[in-house]
Amino acid sequence: MEKVLEGKRVMVTGGTGSLGKPLVRRILSGDLGNPASVTVFSRDEGKHHQMKADWRNEASATNDIFYHNFEELLEFRLGDVRDYQALVPAVRNAEIIFHAAALKQVPSCEYFPYEAVRTNVEGANNLVRAIRSNDTPVEKVVGISTDKACKPVNVMGMSKAIQERVLLEGNIGQKDVDFTCVRYGNVVSSRGSALPFFRDQIKHGGPVTLTTREMTRFLITLEQAVDVVFDSLLHSKRGEILVPHLPAVRMEDVAHAMIGDRNIEVKEIGIRPGEKVHELMVSFEESARTVERRGTFRESYYAIAPILPEIHDGAVEEAAIAGEYSSHHEVMDFEGVVELLKESGFIEKVGKVA
């Protein structure tokens, strides 16, 4: 395996988040080589403090844990991607950047749409601008997107769709920096995912609430999500969006698998504003410029070539799919859902379907 992070200075925006923490942990594990430094850039000082205490294996830490912060392998930089001035000094010390900072809760983005724009769109633009307008050593940026960015119907998806375009446009005029993105489905245990919500409802005796019994979703574990990010770093061409082949599930099957033989009601409550019945990872329009790509951590991917001809390398490849890639197309059976949830740690055993 290519040790692309060996001796590199790495930065993770949103490094204290649901994806950011396992991503940082895996970077520090040396899977892709031992980095010279890893900088966690985020705006939450409380999470910085706890993450540093966890890294040091200190159950309780006094406030002096941050002294000598910039002399250690894992360093923390307080700042917000909305703030261009905070990003400039951070990118001057980075060679590889994973851009995970985002607002990603669908309902909160609906109620505060401009806040989503400021973080997801302006934040990405600030990052591109900080790299483009300053003498930086940055070599590659991997942006973290979502299936909700594909033909979006909610503010979170819309803002992430524009984030993709902002980051990929960052390739123009920068021959020494590659910007790529990854796009994947619902992360099983992340904040805001339905599965922790179902688990809490089951713990309290139910009912388990489904918006609609027809709903399907792509599922991925946190560790698998990190695999996708690493494969983008290793294999993506500049301007591409890397999309993993993922299992799709009926959310009703997920609910029943988690309930097992408990006597708990499953209640249908109706579609929420801004919610799709089925998710897309590749649209019909994107399919014509989508090719197959092999990975190191996962066997196969779709890679969506950039829409801008200035970024595309001009190579003509046969399209991998003839239409959209939807969670509705190949849905896992109930037994498959059970095995998937066992692997992700959400269930230990399952009785009969409720």
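The structure reproduced in this document is the subject of the present report. These figures come from a predicted structure and were not determined experimentally. (Residues numbered from 1 in each chain as written. Predicted model: local features only at pLDDT ≥ 70, side-chain atom pairs only at ≥ 80, totals over all residues. Heavy atoms only, no water.)

### Some details on a nonpolar patch on the surface
Part 1: Judged by side-chain polarity, I172, I307 and L308 come together as a nonpolar surface patch covering roughly 220 Å² of accessible area.
Part 2: Take I172: it is sitting in the loop between α6 (155-169) and β6 (178-184). (Patch = residues over 30% accessible without salt bridge, like charges linked within 9 Å, V, L, I, M, F, W, Y side chains within 5 Å. Areas by Shrake-Rupley, 256 points an atom, 1.4 Å probe, with all protein chains shown as cover. Salt bridge = Lys/Arg side-chain N within 4 Å of Asp/Glu carboxyl O. Helix = DSSP H or I, 4+ residues; strand = E, 2+ residues; numbered from the N terminus.)

### Looking at the pairing of strand β15 (residues 300-304)
Within a regular beta strand, the side chains point alternately toward one face of the sheet and then the other, so they alternate between its two faces.
Part 1: In terms of burial, β15 is a largely internal element, four of the five residues being buried.
Part 2: Judged from the four bridges that link them, strand β10 (residues 241-244) and β15 form a sheet pairing that is antiparallel. Opposite P244, over in β15, you have Y301 as the bridge partner.
Part 3: Alignment of strand β14 (residues 290-294) against β15, held across five bridges, turns out to be antiparallel. Across the sheet, R294 pairs through a bridge with S300, a residue of β15.
Part 4: Between the antiparallel neighbours β14 and β15 lie five residues. (Buried < 20%, exposed > 50% of the residue type's maximum accessible area, 1.4 Å probe, protein only. Pairing = 2+ DSSP bridges.)

### Details of the packing of aromatic side chains
Part 1: Taken as a whole and judged by the stated rule, the model has four aromatic pairs.
Part 2: Measuring from centroid to centroid gives 6.4 Å for F98 and F230, while their planes differ by 50°, and the two rings are tilted. Of this pair, F98 sits in strand β4 (residues 96-99) while F230 is found in helix α8 (residues 222-235), placing the two residues 132 residues apart along the sequence. Per residue, the accessibility class of F98 equals that of F230, and both read buried.
Part 3: Seen from their ring centres, F230 and F297 are 5.7 Å apart, and the 55° between their planes marks the pair as tilted. With F230 in helix α8 and F297 in the loop between β14 and β15, the pair connects residues that are 67 residues apart, well separated along the chain.
Part 4: Put simply, the rings of F98, F230 and F297 pair up and form one aromatic cluster. (Phe/Tyr/Trp six-rings, centres within 6.5 Å; stacked < 30°, edge-to-face > 60°.)

### A look at the sheet that holds β14
Part 1: Taken in spatial order, the nine strands of this open sheet run β3-β2-β1-β4-β5-β6-β10-β15-β14, and their pairing is mixed. A strand with exactly one partner marks an edge of an open sheet, and here the two such strands are β3 (74-78) and β14. The average undirected angle you get between the axes of adjacent strands in this sheet is 25°.
Part 2: In this sheet, strand β5 (residues 140-146) lies alongside β4 in parallel orientation, the contact comprising four bridges. What sits directly across from I97, in β5, is V141.
Part 3: Along the sheet, helix α2 (residues 45-55) contacts β2 (37-42) and β3; its crossing angle with β3, the most-contacted strand, is approximately 175°.
Part 4: Contacting β4, β5 and β6, helix α5 (residues 113-132) crosses the sheet at an angle of about 170° to β4. (Axes fitted to C-alpha atoms, helices over the stretch in contact; angles between N-to-C directions. Contact = heavy atoms within 4.5 Å.)

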